[in-house]
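# Fold and geometry: a report
If you want the building blocks of each chain, they are given just below.
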Amino acid sequence: MTAKNPIKTPLTPLDSRLFDKYQVKVWIKRDDLNHPTVQGNKWHKLKYNLQQARKMNKTTLLTFGGAYSNHIVATAAAANHMGFKSIGFIRGDELANHPEKWSHTLKTAAANGMQLQFINRQDYRQKSDENTLKNLQLQFPQAYILPEGGTNDLAVLGFDDLMTETTQQCPDWTHLFTATGTGGTLAGLVHASQNLTPKITPKITPQSNTKSENKTKTLSRHILGVAVLKNADYLIPQIQNLIYSASQKKYHNDVNPNQTLPVNWRLLTQYHGGGYAKQSSESRQFQTEFESQFSILLDPIYTNKMVYAFYQELIKGNIKPGSNIILLHTGGLQGRTR
Ligand SMILES: Cc1ncc(COP(=O)(O)O)c(C=O)c1O
């Protein structure tokens with residue numbers, strides 16, 4: 001893995017009578033195809049962290065996750081690929097002595113050389129406490145510690161290539177939908193969209209006969225995160241902090257924080273479908289229909305909820321005619337195999 005995105009991924013148009021009816025254009029950005037093993041948003045979140053781990057001469061990546069965590073698999077695969085060792089602290093000690101009950105996720109992580117340590121749910125809750133992290137670092141001095149879901153300041157900075165590529169493919173996009181777990185991906189996309197150069201941000205000149213109205217307006221863009229967890233409002237200030245903190249850093253290019261472009265973002269918290277990893281029969285049916293209509297696979301935990309939320313927003317009239325909508329496929333397809 002190098003810092004450059006290895007594969008340019010397609011922006012695939014989705015044609016449907018429903019979209020014609022509401023007079024919108026829709027594309028799916030196939031970021032799930034960006035890397036053979038570290039798929040979708042994981043690649044963006046890990047890339048600067050891996051560089052940092054190297055710079056610090058760390059030999060091991062250590063992280064946290066549940067039995068179905070895409071982040072656990074991605075970290076194990078990235079570590080394996082880059083010559084790091086890896087340790088995963090997994091929520092739930094009931095699986096410790098029962099490898100036959102391990103999910104596909106855990107088996108894949110172990111096959112990539114990740115050493116799995118199962119911890120009870122109570123201890124797991126301390127995973128981000130300052131003291132816990134300090135003690136872990138003392139216990140594993142060679143480890144570069146990544147939080148659950150991989151969201152940290154460096155993860156947020158990893159979305160510039162994706163945003164630039166997508167905007168080159170569709171310069172006048174107006175809405176971008178993405179699935180939200182911890183909020184790192186949403187924060188990264190908002191940050192990256194603020195840094196888009198004016199060259200690929202078209203100006204819209206409204207039709208008008210009067211001189212005073214004939215001003216040039218910058219295209220208004222909306223980035224919408226679809227929360228996959230219940231009661232996710234608590235994420236909003238965390239996402240604001242991540243965006244702010246990224247805007248203060250100059251890790252990747254020379255952007256002046258005072259010259260960034262405005263972008264509207266929102267977290268839609270009503271489409272969790274019962275909570276993390278829960279799927280109703282209606283949502284299952286929606287997924288089956290979408291997959292057969294467009295021949296594109298989704299995962300039930302993240303991308304299906306995101307696409308479903310877009311359809312609901314469209315049908316409710318929350319998206320204006322003339323909008324150009326991008327659905328970001330963030331990967332997670334390994335989670336289909338249980
Ligand atoms: C496939 C997929 N999409 C979206 C997300 C959400 O990303 P974030 O935690 O950065 O909000 C995840 C998180 O793990 C994921 O695995």
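Heads up: the structure comes first, above all this text.
So, how was this worked out
Residues numbered from 1 in each chain as written. Predicted model: local features only at pLDDT ≥ 70, side-chain atom pairs only at ≥ 80, totals over all residues. Heavy atoms only, no water. Helix = DSSP H or I, 4+ residues; strand = E, 2+ residues; numbered from the N terminus. Buried < 20%, exposed > 50% of the residue type's maximum accessible area, 1.4 Å probe, protein only. Contact = heavy atoms within 4.5 Å. Core = buried A, V, L, I, M, F, W, Y, C linked by side-chain atoms within 4.5 Å. Domains from an automatic or database assignment. Near = heavy atom within 4 Å. Polar contact = N/O pair within 3.5 Å; in protein donor to acceptor, adjacent residues only side chain to side chain. Areas by Shrake-Rupley, 256 points an atom, 1.4 Å probe, with all protein chains shown as cover. Axes fitted to C-alpha atoms, helices over the stretch in contact; angles between N-to-C directions. Parallel < 35°, antiparallel > 145°, perpendicular 65-115°, else oblique. Left-handed = near helix turned anticlockwise from the far one by under 90°. Nonpolar A, V, L, I, M, F, W, Y, C, P; charged D, E, K, R; others polar. Pairing = 2+ DSSP bridges.

### Notes on the overall build of the chain
Summing up its helical and strand segments, the chain has 12 helices and 12 strands in all. The burial tally for the chain puts 52% of its 338 residues in the buried class. At a minimum sequence separation of 6, the contacts of the chain that also span at least 24 residues come to 79%.

### Overview of the nonpolar core
M163, L176, L189 and I223 are the most contacted members of the largest nonpolar core, which totals 44 residues. Contributing elements (two or more residues each) for this core: α2 (41–55), α3 (70–82), α7 (153–156), α8 (160–169), α9 (184–194), β10 (222–227), α10 (235–247) and β12 (324–328). When residues of this core are sorted by domain, at least three fall in each of domain 1 (11–40 + 154–336) and domain 2 (41–152). Judged by nonpolar contacts, the second largest core, of 27 residues, contains V228, F290, Y311 and I325.

### Quick word on the site of the ligand
In the vicinity of the ligand there are 16 residues, among which K42, K45, T182, T185 and T330 approach most closely. N70 has a polar side-chain atom sitting 2.8 Å from an oxygen atom of the ligand. At a separation of 2.7 Å, an oxygen atom of the ligand approaches a polar side-chain atom of T185. Burial of the ligand by the surrounding chains reaches 97%, relative to a free accessible area of 390 Å². Every element with two or more residues in the shell around the ligand is listed here: α2, β7 (175–180) and α9.

### Thoughts on the packing of α9 against α10
As a packed pair, α9 and α10 sit with axes 9 Å apart at the nearest point and diverge in direction by 40 degrees. Between α9 and α10, the angle is such that the two are oblique. Considering how the two elements wind past one another, α9 and α10 form a crossing that is right-handed. Seen from α9, the contacting residues are G184, L186, A187, V190, H191 and Q194; seen from α10, they are I239, L242, I243, A246 and S247. Here the residues of the contact of α9 with α10 are counted per class, giving 7 nonpolar, 4 polar and no charged.

### Examining the environment of D20
Relative to the helices and strands, D20 resides in helix α1 (residues 17–21). We classify D20 as exposed; its relative accessible area is 57%. Spatially, the C-alpha atom of D20 lies 9.5 Å from that of P321, the residues being 301 residues apart in sequence.

### Some thoughts on the sheet that holds strand β4 (residues 85–91)
Strands sit in the order β5-β4-β3-β6 across an open sheet of 4 strands; the sheet is parallel. In this open sheet, the two strands that pair with only one neighbour each are β5 (114–119) and β6 (143–145). Each adjacent strand pair in this sheet contributes to an overall mean axis angle of 25 degrees, direction not counted. Sheet topology note: the strand β3 (residues 60–65)/β4 ladder contains 6 bridges and is parallel. Its bridge partner lying in β4, T60 is registered against K85. The sheet strands contacting α3 are β3, β4 and β5, and the helix crosses β3 at an angle near 170 degrees. Packing against the sheet, helix α6 (residues 130–139) makes contact with β3, β4 and β6, and its axis sits at approximately 160 degrees to β6.

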